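# Examining the three-dimensional arrangement
Residue-level listing of the chains:
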Amino acid sequence: MTARAARPDVKSVVTSLRKLGSASVRESYARYGIVAPKSFGIAMNRIHRLAKEIGRDQVLAGELWKTGWYEARLLVAFVGEPARLTPAQMERWARDFDNWAVCDTLCFHLFDRTPHALAMVRKWSRREEEFVRRAGLALLACVALHDKESGDAKFTPLLPLVEQVADDERNFVKKAASWALRSMARRSATLKAKVATLAKRLAGSKGAASRWIGKDVLRQIGR
């Protein structure tokens, strides 16, 4: 009988991340609008590779998050266990979001796989903190892209939620709003038509952010 490999501890994982660090990669973050003062500088493909070696481990994910290292928090998206992630833990992590990359990576690879995803979409989209609100909208985009089983009825009621925050001028928020609408439009012809109707209304509104979102969505969905 083969002995089970010991679970890596947070110290050994951080040591591995440190060894993978590159000054040139770290310096490149700014070009993508990523503000991450506490970072090693690691390409995402290397983080994916390390995550596969580690496997899913919710306890380790929580410990990695607490380190505050940018790459450790990216790794959490691939190490965390969706079935064991609680709304309280999702909330704690969302409050720590300070750049779009960690926000989007967790939404795309972890949060959208939990049974709490849409509840957090509704909650976070109404919050004032920039990256918490972005998380709500990005999470909606991710669920719309990855949920292959649900019908339009799951998403149609969320269109007004996006419209309610479309006047938010913050760049990372309005881009996430556009992403959410475009992702829903991809689900079906019926939902695409509803998104287009909303986007046309936004494109003709007085607010600059709303107009930008509406025009961006219409351009990209071909309406």
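All values reported here derive from a predicted model rather than from experimental measurement. (Residues numbered from 1 in each chain as written. Predicted model: local features only at pLDDT ≥ 70, side-chain atom pairs only at ≥ 80, totals over all residues. Heavy atoms only, no water.)

With that settled, consider the packing of helix α8 (residues 117-124) against helix α9 (residues 130-146). Orientation of α8 relative to α9, taken along the N-to-C sense of each, is 145°, at an axis distance of 8 Å. Classified by chirality, the crossing of α9 by α8 is left-handed. Here α8 contributes A117, L118, M120, V121 and W124 to the contact with α9, which in turn contributes V132, R133, A135, G136, L139, L140 and V143. Classifying every residue of the contact of α8 with α9 gives ten nonpolar, one polar and one charged. (Axes fitted to C-alpha atoms, helices over the stretch in contact; angles between N-to-C directions. Helix = DSSP H or I, 4+ residues; strand = E, 2+ residues; numbered from the N terminus. Left-handed = near helix turned anticlockwise from the far one by under 90°. Contact = heavy atoms within 4.5 Å. Nonpolar A, V, L, I, M, F, W, Y, C, P; charged D, E, K, R; others polar.)

The volume enclosed by the largest pocket comes to roughly 290 Å³. Around the largest pocket, the lining comprises 18 residues; the ones closest to its centre are I34, M44, Y70, W100 and A101. If you list the elements that add at least two residues to the lining of the largest pocket, you get α2 (23-28), α3 (44-54), α5 (70-79) and α7 (100-109). The element contributing the most residues to the lining of the largest pocket is α7, with six residues. When grouped by side-chain class, the residues that make up the lining of the largest pocket number 13 nonpolar, three polar and two charged. (1 Å grid on protein atoms, 1.4 Å probe; cavity = no way out; pocket = protein on both sides within 12 Å on 5 of 7 lines; lining within 4 Å. Points joined across faces, edges and corners; volume = space filled by probe spheres on them.)

All told, the structure shown has seven aromatic pairs when counted by the stated rule. Between Y29 and Y70, the ring centres sit 5.0 Å apart and the planes meet at 65°, which makes this aromatic pair edge-to-face. On the criterion of sequence distance, the pair formed by Y29 in the loop between α2 and α3 and Y70 in helix α5 is long-range, its members being 41 residues apart. Taking relative accessible area as the criterion, Y70 reaches 6% and is therefore assigned buried. Between the aromatic rings of F97 and F111, the centroid separation amounts to 6.3 Å while the plane-to-plane angle is 35°, which identifies the pairing as tilted. One end of the pair, F97, is in the loop between α6 (87-96) and α7; the other, F111, is in the loop between α7 and α8, and 14 residues separate them in sequence. F111 matches F97 in its accessibility class, with the two residues each being buried. (Phe/Tyr/Trp six-rings, centres within 6.5 Å; stacked < 30°, edge-to-face > 60°. Buried < 20%, exposed > 50% of the residue type's maximum accessible area, 1.4 Å probe, protein only.)

Time to look at the nonpolar core. One finds F97, F111, L181 and M184 to be the most contacted residues of the largest nonpolar core, which totals 80 residues. Take this core: its biggest share by element is twelve residues, from α9. Those residues in contact with F97 that lie beyond four places of it in its chain are W65, V102, C103, L106, F111, F131 and A135. (Core = buried A, V, L, I, M, F, W, Y, C linked by side-chain atoms within 4.5 Å.)

Here we come to the pattern of salt bridges. Going through the model one piece at a time under the given rule, you end up with 15 salt bridges. The partner of D147 in a salt bridge is K154, with the nearest N and O atoms 2.6 Å apart. Looking at D147, the relative accessible area reads 15%, which means it is buried. Looking at K154, the relative accessible area reads 30%, which means it is partly exposed. Taken together, the salt bridges that share partners define one network made up of E91, R95, K123, R127 and E129. (Salt bridge = Lys/Arg side-chain N within 4 Å of Asp/Glu carboxyl O.)

Turning to α6, a few remarks are in order. When α6 is considered as a whole, its buried residues turn out to be Q89, M90, E91, W93 and A94. Those residues of α6 that are buried lie in contact with α4 (58-67), α5, α7, α8 and α9.

From the geometry alone we can't say anything about function, so treat these as descriptive.
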